[in-house]
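# What the coordinates show
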Amino acid sequence: MFAMSDSEKKQFLQEILQYWILSVKDYEWHEEKERRYVIFLYEDYDYKEVEVDDTFLKIKTSLFLTPDFIIGDNPGRWEIMRQLYAKRKALFSREYLFCEECLMQDHDAAVMQMPQFCPVCGSSKIKMVNHEE
């Protein structure tokens, strides 16, 4: 349906398959409770806050210290809770919805009626937290 030559279609399909193969979690890693990401980088491009060496991609971000939520038994749970508490205390001044199970925090929730279950994990261990807690 696209106005593409056969060679362009083949190249496009190979690019999609490459991403698909790299994005699927192998069964041998099924016990991991983490998301997998595939990152494509352009050579000779100056990425901000990123360092690439022969072995590692280093990204200066707090994403891993304060994720939006965690699912399952995460070995870093207590450290993540500590980091989330410090971030909330420093940055937020209004009430927000918090799940004690998956650590989801919704600062934009306009809660007219308190939900019974967490919208992320379905837990009933949710509460509204004010900035002083």
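It should be noted that the structure appears before, not after, this text.
In short, a report on the structure. In this text the structure is predicted, and so the values were computed from the model without any measurement.

Another point: unusual backbone geometry. Among all residues except glycine, the phi angle is most often negative; among peptide bonds, the trans geometry is most common. The phi angle at Asp44 is positive, at roughly 60 degrees, despite the residue not being glycine. Note that Asp44 resides in the loop between α1 (6-23) and β1 (50-52). Positive phi is not limited to glycine here, since Glu49 has a value of about 60 degrees. Structurally, Glu49 can be placed in the loop between α1 and β1.

Moving on: the pattern of salt bridges. In total, this model carries 5 salt bridges according to the counting rule given. Of the charged contacts in the structure, one is a salt bridge between Asp46 and Lys48, with a shortest N-O distance of 3.6 Å. Of the two residues, Asp46 and Lys48, both sit in the exposed class. Across the pair Arg82 and Glu79 runs a salt bridge whose closest N-O atoms are separated by 2.9 Å. In this pair, Arg82 and Glu79 both sit in helix α2 (residues 77-91), 3 residues apart, roughly one turn of the helix. Relative accessible area serves as the criterion here: at 34%, Glu79 is assigned to the partly exposed category.

In terms of nonpolar packing, the biggest core is built from 7 residues, these being Ile70, Ile80, Leu84, Tyr96, Phe98, Leu103 and Val129. Counting residues per element, the ones that place at least two in this core are α2 and β3 (96-99). Beyond its immediate stretch of four places on either side in the chain, Ile80 contacts Phe64, Leu65, Pro67, Ile70, Asn74 and Leu103. Counting 6 residues, the second largest nonpolar core, distinct from the first, contains Cys99, Cys102, Met104 and Cys118.

Turning our eyes to something else, we now look at the pairing of β3. Residues Tyr96 and Phe98 of β3 are buried on one face, and the alternating residues Leu97 and Cys99, pointing to the opposite face, are buried as well. Of the strand pairs in this sheet, β3 and strand β5 (residues 126-129) are connected by 4 bridges, and their pairing is antiparallel. Its bridge partner lying in β5, Leu97 is registered against Met128. The sheet contact formed by β3 and strand β4 (residues 105-106) spans 2 bridges and is antiparallel. Considered in β4, the bridge of Leu97 is made with Asp106. Counting the residues in the hairpin turn of β3 and β4 gives 5 residues, including Leu103, whose phi is positive at 70 degrees.

The rules behind each value
Residues numbered from 1 in each chain as written. Predicted model: local features only at pLDDT ≥ 70, side-chain atom pairs only at ≥ 80, totals over all residues. Heavy atoms only, no water. Helix = DSSP H or I, 4+ residues; strand = E, 2+ residues; numbered from the N terminus. Salt bridge = Lys/Arg side-chain N within 4 Å of Asp/Glu carboxyl O. Buried < 20%, exposed > 50% of the residue type's maximum accessible area, 1.4 Å probe, protein only. Core = buried A, V, L, I, M, F, W, Y, C linked by side-chain atoms within 4.5 Å. Contact = heavy atoms within 4.5 Å. Pairing = 2+ DSSP bridges.

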